[in-house]
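Secondary and tertiary structure notes
Here are the chains, one letter per residue:
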Amino acid sequence: MNLQEEILRLAKQKNATILAHNYQRSEIQDIADHVGDSLDLSQKASDTNADIILFCGVKFMAETAKILNPKKKVLVPDVSALCPLADQLKLDELVKVKRQNPGAKTVLYINTNAWEKVEADCICTSANADKIVQAMDSDTVIFGPDQNLAYYVSKKTDKRLIVAPPTGLCPTHHQMSMDDLLEAKEKHPNAKVVVHPECIPEVQEAADWVASTNGILRYCTESKTREFVIGTENGMLHRLQKENPAKLFYPLSETTICPNMKMNTLDKMLSALKNEKPEIIVPEPTLSGSRNAIQRMLDLSR
Ligand code: CIZ
């Protein structure tokens, strides 16, 4: 029996469901029960009947699953797979900005730690950030921590955004440059360029389409075009290619690889299922305190 078969056998025996983010290694995506973005996976985690959720992504995603479905055992292949963007927002800074802007609502990107989510009126993902910000009943919205997603949202809504921290960024997306984009366009002149809103504003402006990972999948699937240059973490190309075998996908840059997402491996998945650890624990009062803002996002996204 190979590793994938062994994982699937154990998952079945323990009534575990495997959730994998679009940025996971292809061999992990291929055996997951669900592959998706963090909005999708949050919805799946809140609805599952499984006893165990094996979450292959980064820690804030598994924490979100635990917060939404606290009776389930949530396991991760590698507990040190953290999101560098999530750690750029500091609780004391957020509290200070909130104090300085008492009339403003706070929308936080799902890429934040659970204890900061407690301070949010609503959470968003890149799939719904503009819709969620627009739904807030204040003219000013405190938004964090990604400055590039904030740029995208401010173009799509009539809200004034206060970005906290103003310098927040995803290192994997932020490094994609205009030079990369122009080079890719030169190599693939017939391709549409589709990028993620965590990319820098210049790259967003030069692209044919800007969307979350699920939005990228939808755009490429529905488009009559055959070739696409993709500006997001390169794990996404596996799903795009698998679901669109007649189309061609090229990375905007070969180096758009999130080292944290890639920390999860089949070996670690098997070990997590066998030993039932590492387990994600979110202590009270953070667990209950952060649930409302996440649940509100799910309700506004239906
Ligand atoms: O929301 C997510 O899952 C992330 C991190 C990216 C995307 O657009 O799916």
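Look up a bit, the structure's there.
The structure reproduced in this document is the subject of the present report. (Residues numbered from 1 in each chain as written. Predicted model: local features only at pLDDT ≥ 70, side-chain atom pairs only at ≥ 80, totals over all residues. Heavy atoms only, no water.)

**Some words on the nonpolar core**
By size, the foremost hydrophobic cluster in this structure holds 83 residues, and its most contacted members are Phe55, Phe143, Cys220, Ile230 and Met297. At six residues, helix α4 (residues 59-68) tops the list of elements feeding residues into this core. Core analysis: the next-biggest nonpolar cluster, separate from the first, contains 19 residues, Ile7, Cys56, Met269 and Leu273 among them. (Core = buried A, V, L, I, M, F, W, Y, C linked by side-chain atoms within 4.5 Å. Buried < 20%, exposed > 50% of the residue type's maximum accessible area, 1.4 Å probe, protein only. Helix = DSSP H or I, 4+ residues; strand = E, 2+ residues; numbered from the N terminus.)

**Quick look at empty space enclosed by the protein**
Overall, the coordinates contain three cavities of 30 Å³ or more when judged by the stated rule. In this structure, the largest cavity spans a volume of roughly 270 Å³. As for the largest cavity, its lining consists of 27 residues, and the residues nearest its centre are Tyr23, Met61, Asn111, Glu198 and Met261. (1 Å grid on protein atoms, 1.4 Å probe; cavity = no way out; pocket = protein on both sides within 12 Å on 5 of 7 lines; lining within 4 Å. Points joined across faces, edges and corners; volume = space filled by probe spheres on them.)

**Comments concerning the packing of aromatic side chains**
Counting across every chain of the model gives three aromatic pairs. Here the aromatic rings of Tyr219 and Phe228 are separated by 6.5 Å at their centres, their planes lie at 80°, and the arrangement is edge-to-face. The pair formed by Tyr219 and Phe228 is uniform in burial state, with each residue classed as buried. Measuring from ring centre to ring centre gives 5.4 Å for Phe228 and Phe249, while their planes differ by 15°; the resulting arrangement is stacked. Highlighted residues: Phe228 in strand β11 (residues 227-231) and Phe249 in strand β12 (residues 248-251), separated in sequence by 21 residues. On the basis of relative accessible area, Phe228 is assigned to the buried category, the value being 0%. One aromatic cluster is present, built from ring pairs that chain together Trp209, Tyr219, Phe228 and Phe249. (Phe/Tyr/Trp six-rings, centres within 6.5 Å; stacked < 30°, edge-to-face > 60°.)

**Some details on the site of the ligand**
Around the ligand, a shell composed of His21, Tyr23, Asp37, Ser38, Asn111, Thr125, Ser126, His196, Ser212 and Thr213 is seen. One nitrogen or oxygen atom from the side chain of His21 is found 2.6 Å from an oxygen atom belonging to the ligand. Ser38 is positioned such that a nitrogen or oxygen atom in its side chain is 2.7 Å from an oxygen atom of the ligand. Comparing atom positions with the cavity grids shows the ligand to sit within the largest cavity. Of the residues assigned to the shell around the ligand, the class counts are one nonpolar, eight polar and one charged. (Near = heavy atom within 4 Å. Polar contact = N/O pair within 3.5 Å; in protein donor to acceptor, adjacent residues only side chain to side chain. Sits in = over half its atoms within 2 Å of the grid points. Nonpolar A, V, L, I, M, F, W, Y, C, P; charged D, E, K, R; others polar.)

**Structural notes on helix α15 (residues 286-301)**
For an α-helix, 3.6 residues make a turn, and residues three or four places apart therefore share a direction. Taking 1.5 Å per residue, 16 residues should reach 22 Å; α15 reaches 23 Å between its end C-alpha atoms and fits that length. Along α15, the sharpest kink reaches roughly 30°, centred on Asn292. Burial in α15 covers these residues: Thr286, Leu287, Ser290, Ala293, Ile294, Met297, Leu298 and Ser301. Those residues of α15 hidden inside the fold are in contact with α3 (38-47), α4, α6 (114-117), β6 (122-124) and α7 (129-135). (Expected span 1.5 Å × (residues − 1). Bend = angle between axes of the 7 residues up to and from the residue. Contact = heavy atoms within 4.5 Å.)

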